[in-house]
Amino acid sequence: MKLKKVISAALVAAMAMTFMAGCGDSDNAGNGNASGSDTQAASGNENASGSGDTFRIGGIGPITGGAAVYGIAVKNGAELAVKEINEAGGINGAQIDFNFQDDEHDAEKAVNAYNTLKDWDVQAILGAVTSAPCVAVGEVSKDDNIFMLTPSGTAVECVKYENAFRVCFSDPMQGLESAKYIGEHNLATKVAAIYDSSDVYSSGIYEAFVKEAANQNFEVVAAEAFTAESKTDFSVQLQKAKDAGAELVFLPFYYSEASLVLKQAAGMNYSPIFFGCDGMDGILAVKGFDAALADNLIFLSPFTPTSDDEMIQKFVTDYEAAYGETPNQFAADAYDGIYAIKAAIEAGNVTPDLSASDVCDALKTAMTQITIDGVTAKGLTWEASGEPSKEPMVVKIANGNYAVVEDDAAAESVEDNAATENGEDAE
Amino acid sequence: MRRMKKINKTTKSNLITYAIVIALFAAVQILTSAGAISSLLQGLLVPLCAYIILAVSLNLTVGILGELSLGHAGFMCVGAFTSAFFSKCTAELIPVAGVRYLFALLIGAAAAGLCGILVGIPALRLKGDYLAIVTLAFGEIIKNVVNILFIGRDSEGFHFSTKDSLSLGLLPDGEVIVNGPQGITGTPKDSTFTVGVILILVTLFIVLNLIHSRSGRAIMAIRDNRIAAESIGINVTKYKLMAFSISAALAGVGGVIYAHNLATLTAQPKNFGYNMSIMILVFVVLGGIGNIRGSILAAIVLTLLPELLRGLSDYRMLIYAVVLIAMMLFNWSPKAIEWRERHSAKFKRKKQKEV
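Since the model is a prediction, treat every value here as computed from it, not as a measurement.

Before going further, it helps to examine helix H5 (residues 130-148) of chain B. Residue and element names in this part refer to chain B. Across its 19 residues, H5 extends 27 Å between first and last C-alpha, which sits within 8% of the 27 Å expected from 1.5 Å per residue. When we look at burial in H5, the residues that qualify are Leu131, Ala132, Thr135, Phe138, Gly139, Ile142, Lys143, Val146 and Asn147. Looking down the long axis of H5, one finds its buried residues gathered within 165° of arc, a one-sided arrangement. With respect to the buried face of H5, the exposed residues turned more than 90 degrees away are Ile133 and Ile141. On its buried face, H5 sits against helix H2 (39-65), helix H3 (72-90), helix H4 (97-123), helix H9 (236-259) and helix H10 (269-272).

Attention now moves to the interface of chain A and chain B. On the side of chain B, 52 residues touch chain A, which itself brings 53 residues to the contact. Between chain A and chain B the total buried area reaches about 4,500 Å² when both faces are included, carbon and sulfur atoms providing 61% of it. In this assembly, chain A and chain B are joined by zero salt bridges. Our count for the chain A to chain B interface comes out at nine residue pairs in polar contact (both at pLDDT 80 or more). Looking at the side of chain A that touches chain B, the elements with two or more residues in it are helix H1 (2-29), strand S2 (95-102), helix H4 (107-119), helix H5 (131-144) and helix H7 (200-213) of chain A. With 16 residues, H1(A) is the single largest residue contributor to the side of chain A that touches chain B. A class-by-class count of the residues in the side of chain A that touches chain B yields 23 nonpolar, 13 polar and 17 charged.

Residue and element names in this part refer to chain B. Note on placement: isoleucine 107 falls in helix H4. Accessibility expressed as a relative area gives 32% for isoleucine 107, which makes it partly exposed. The spatial distance from the C-alpha of isoleucine 107 to the C-alpha of serine 83 is 6.1 Å, given a sequence separation of 24 residues. Beyond its immediate sequence surroundings of up to four residues, isoleucine 107 is in contact with Thr82 and Phe86.

Residues and elements named next belong to chain B. Structurally, valine 284 can be placed in helix H11 (residues 274-287). C-alpha separation for the pair valine 284 and leucine 54, spaced 230 residues apart in sequence, amounts to 9.4 Å. Residues within four places of valine 284 in sequence aside, it is in contact with Ala55, Leu58, Asn59, Val62, Ile289 and Ser295.

Residues and elements named next belong to chain A. For chain A, per-residue confidence averages 80 on the pLDDT scale, and residues scoring 70 or more make up 83% of the total. Predicted confidence for residues 14-51 stays below pLDDT 50, and this span has 47 contacts to residues more than four positions away or in other chains. Taken together, the stretch residues 408-427 has pLDDT below 50 and engages in 27 contacts with residues farther than four places along the chain or on a different chain.

The next thing to look at is a nonpolar patch on the surface. Side chains of Val96(B), Val99(B), Leu102(B), Phe103(B), Leu106(B) and Ile107(B) sit close together on the surface and give an oily, nonpolar patch of about 520 Å² of accessible area. Positionally, Leu106(B) belongs in helix H4.

This part is about unusual backbone geometry. Residues and elements named next belong to chain A. The omega angle of the peptide bond from glycine 127 to alanine 128 is -5°, so this bond is cis rather than trans. Tracing the chain through its elements places alanine 128 in the loop between strand S3 (124-126) and H5. Of note in this structure, aspartate 121 is not a glycine but carries a positive phi near 60°. Relative to the helices and strands, aspartate 121 resides in the loop between H4 and S3. Since its relative accessible area comes to 14%, aspartate 121 is described here as buried. In this structure, asparagine 145 is a non-glycine residue whose phi angle is positive, near 55°.

Counted as a void, the largest pocket has a volume near 1,200 Å³. Along the wall of the largest pocket there are 47 residues; nearest its centre are Ala67(A), His105(A), Asp199(A), Ala228(A) and Gln268(B). When contributions to the lining of the largest pocket are tallied by element, the ones reaching two or more residues are helix H3 (68-87), H5, H7, helix H9 (255-267) and helix H11 (329-347) of chain A together with H5 and H10 of chain B. Take the lining of the largest pocket: its biggest share by element is four residues, from H5(B). In the lining of the largest pocket, the residues fall into 18 nonpolar, 19 polar and ten charged.

Now for the side chain of Asn147(B). When you line up the elements, Asn147(B) lands in helix H5. Apart from the residues lying within four places of it in its own chain, the contact partners of Asn147(B) are Gly180(B), Pro181(B) and Ala267(B).

Criteria and cut-off values
Residues numbered from 1 in each chain as written. Chains lettered and ligands numbered in written order. Predicted model: local features only at pLDDT ≥ 70, side-chain atom pairs only at ≥ 80, totals over all residues. Heavy atoms only, no water. Helix = DSSP H or I, 4+ residues; strand = E, 2+ residues; numbered from the N terminus. Expected span 1.5 Å × (residues − 1). Buried < 20%, exposed > 50% of the residue type's maximum accessible area, 1.4 Å probe, protein only. Arc of directions from axis to C-beta. Contact = heavy atoms within 4.5 Å. Buried area = accessible area lost by both parts, 1.4 Å probe. Salt bridge = Lys/Arg side-chain N within 4 Å of Asp/Glu carboxyl O. Polar contact = N/O pair within 3.5 Å; in protein donor to acceptor, adjacent residues only side chain to side chain. Nonpolar A, V, L, I, M, F, W, Y, C, P; charged D, E, K, R; others polar. pLDDT = per-residue confidence, 0-100. Patch = residues over 30% accessible without salt bridge, like charges linked within 9 Å, V, L, I, M, F, W, Y side chains within 5 Å. Areas by Shrake-Rupley, 256 points an atom, 1.4 Å probe, with all protein chains shown as cover. 1 Å grid on protein atoms, 1.4 Å probe; cavity = no way out; pocket = protein on both sides within 12 Å on 5 of 7 lines; lining within 4 Å. Points joined across faces, edges and corners; volume = space filled by probe spheres on them.

And the structure:
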C-alpha cells in the first residue's frame, strides 16, 4: 500500500520535472525572461553573479481564473513597456528581465507567487494587480524590504507600508472625487447608487461616495446593492431608483455589468444621468451592446484610448499591434508603472548588482522625487504614503465615442449636452 | 500473547504515521537551516499544515464514518473567521503571540465543532446522502453570511450591521474589524511551521485514537452496516454526531492556521467555497478513503504540484488537471492496481530470495 503511494509520488515528481525542464526555455525565450530552470537554480543563492547586469522586475497578478482579464492586461502593458525600454538601451545601459507570476486572484497564491519571485532574486515588483492579494503580498514584502508598485490595487491597505506605492487611484479617492464632481457641477439633486457589495472595489468607492455626499448639495435617495451571484438582473434596483425620483444614478462597478444596467434602464423608460468610475472604461467595446444607450454616460477615468495625446496614441497603436486588442486602464497603469520604476531607478542611481533591500531603500526615496508623464496622467508624482497625485479625467460618451471633459467651461457644456442631448464634442 | 501482538500492530502502525510526520518535519528543518529550501517552499509550509489537517479531518467523516461531506470549507471558514476576529480584537490585550494563538485555536475549533453539531443533529438522523446536501448548503450559507457581516469596535463597544460599514455608526476612534466582503485585514501572523506540525500530530493523535477506540469501532460498525449496528444497541445518531463534530472542529483548526498565515482573510468562492470543499475531498479520495497516511501524502503532493509547475506559466493548470487524472487512474483503476501488484510481488519475491 505504501509502496503504491511512493511510486505515484515519484512518478508525478518526475513528470513535473521533465515538463519544467522541457518547456522552461522555449516558453520564455520570446520575452527574454529567465527560464523556468533558472528560477529553480537561483533558489537560496545570494545575487547570482551572472545576472548582475540586468534589472530583475517581477509582476504578480491573475492570469487564470475569473479576474484573468485584469492580470493579462497588466502583464501585456508591462511587457510592452519593458520591450520599449530594452530596445531603447535599457535603464542606465542595463536591460530589464521581467517575470510575471500568476496569483489566480487569491491571497494565498499571491504569496506563493511572491516567494517564487524572491527565489528568482527579484529587485522590484509590479503588483499585485487585485486588492486582496496585494494586501497579502504587502505584508510579506514589508518584512523582506522589497519594493512594490501596484498598478491597480485600489484598496486603502495596499500601500499601508512604506515600501509600497500605487499607480491608480484608491477606492475612497474615486468615491470622493465622484461626489465632488457631481456636487460642484450641479448635475443632480437626487442621486441613487447601485453597487456590488461582494466586490471590494465597488463597495469601497460607494462608501466614500456616500460619506462625501453628506457635504455636497445633493441627496442620496436610494442605495441598492447586488452581489457577484446576482449581477444579471438590475430591474429591482433600477425600479427603486426610479421610484425615489433619482436624476442621477451612480454606478461604481465594471463596464460588463454597467452595460446591462443601461440596457435594462432603457427597457423601462428610465433615463437619468449615469455616472461611473474608472471601471466603466471599455463599455463601448462590449459585444452586442447598443452604443447609443451609453450616450451621455459620464465617468472618471485615468485613461482613454481615444485621446489625441501623442503618447497615448503611440501606446494604443503599439498595444493593438502586439496583442490585437485595445488596451484598458489596467494595461495603461502597468505601462506607466514600469516607466515609474525606470524613472525611480535612474533618480536613485540604482545599479543592477544591488540587493533587493538596498534597491528598495533607494527606490522608496526616489519615488517621491520623480515626475513622469505617462499615459494615465501628465506630471504624475508620488507622496511618501504611496498614493499618486494626479487629477482624474472626466470622460463623457457622445455619439458612440469617448470624449475627455477638460475643465470647468467644458463641464458646463456637458450639462448643456445632458439637457439638450445634442452630444457634440466637449472641446 | 496473541493479544499483545495485535495491540502492538496498531500501535506500530500509528507510530509509523507519527514518525513520517516528524521525519518530514526534521528533514525540512535541516534543509532550511542549510539554506537549501527556496522561499516558495518555505511560504508553502504553513498552508501545507492546514491542508493536511483538513484532509485528515475530512477522512474521518468520509472514510471512517462513511458519510459524504461537501462543506468542509464551511467549517474551515467558521474556524478562520472566529479566530481571526478574536486575534484582531485581543492583539493589544494579549501581547504574547503564543497565548493568544492558543486561545484562537480553542475558539476556532469550538466554533466549528458547534456548527458541526448544529448541522449534524438534523442531517445525521436521516438515512441516505442527506449530509452531503446539507453540508453543501451550509458551506455556501456561511460564505454568504460572512460576506454581509460588518462588525466594528469603538470605545462604546461592538457594533454590528448587515448593510455596510457606514451604518455601524462608529465613533471617530472606532475601527472596522470585519468589513463585509473585504473580510478581516491585519490578522497577526501567528502561524508557524513548528506549531503547524504540532497541530498535525495532535490531529493525528485524536483521529487515530478515536478510530482504534471503542467509539471508533462503533462508528465503523455503523458505516459497514447500520441495521446490524442498531440491532446490537449502538446509538447510531450519537456516534455519527461524535465523529462528524470532531471532524468539523479539526477543520476549524485548519482554518485557524490558514487565517493566521495571511494578512487578509476574505470569504471568496476560491478559498472557502465549494471549490475548496471539493479540493479537500480530492485529497481524501486520491490518498485513499479511510487511509490517513494517504491523505497526508495526497495533500502534500497536490498542494505542491501547481506551485512546482509555475515554470510552465500558461499551461500550468492544464498540466495540473492532466496529472490529477493520471494519478487517479494510476492509483485506482483495476488494471493499474493489478499491474502494480504483479510488479511489487516480483519485487518482494526477489527480496525474499536475497534474504
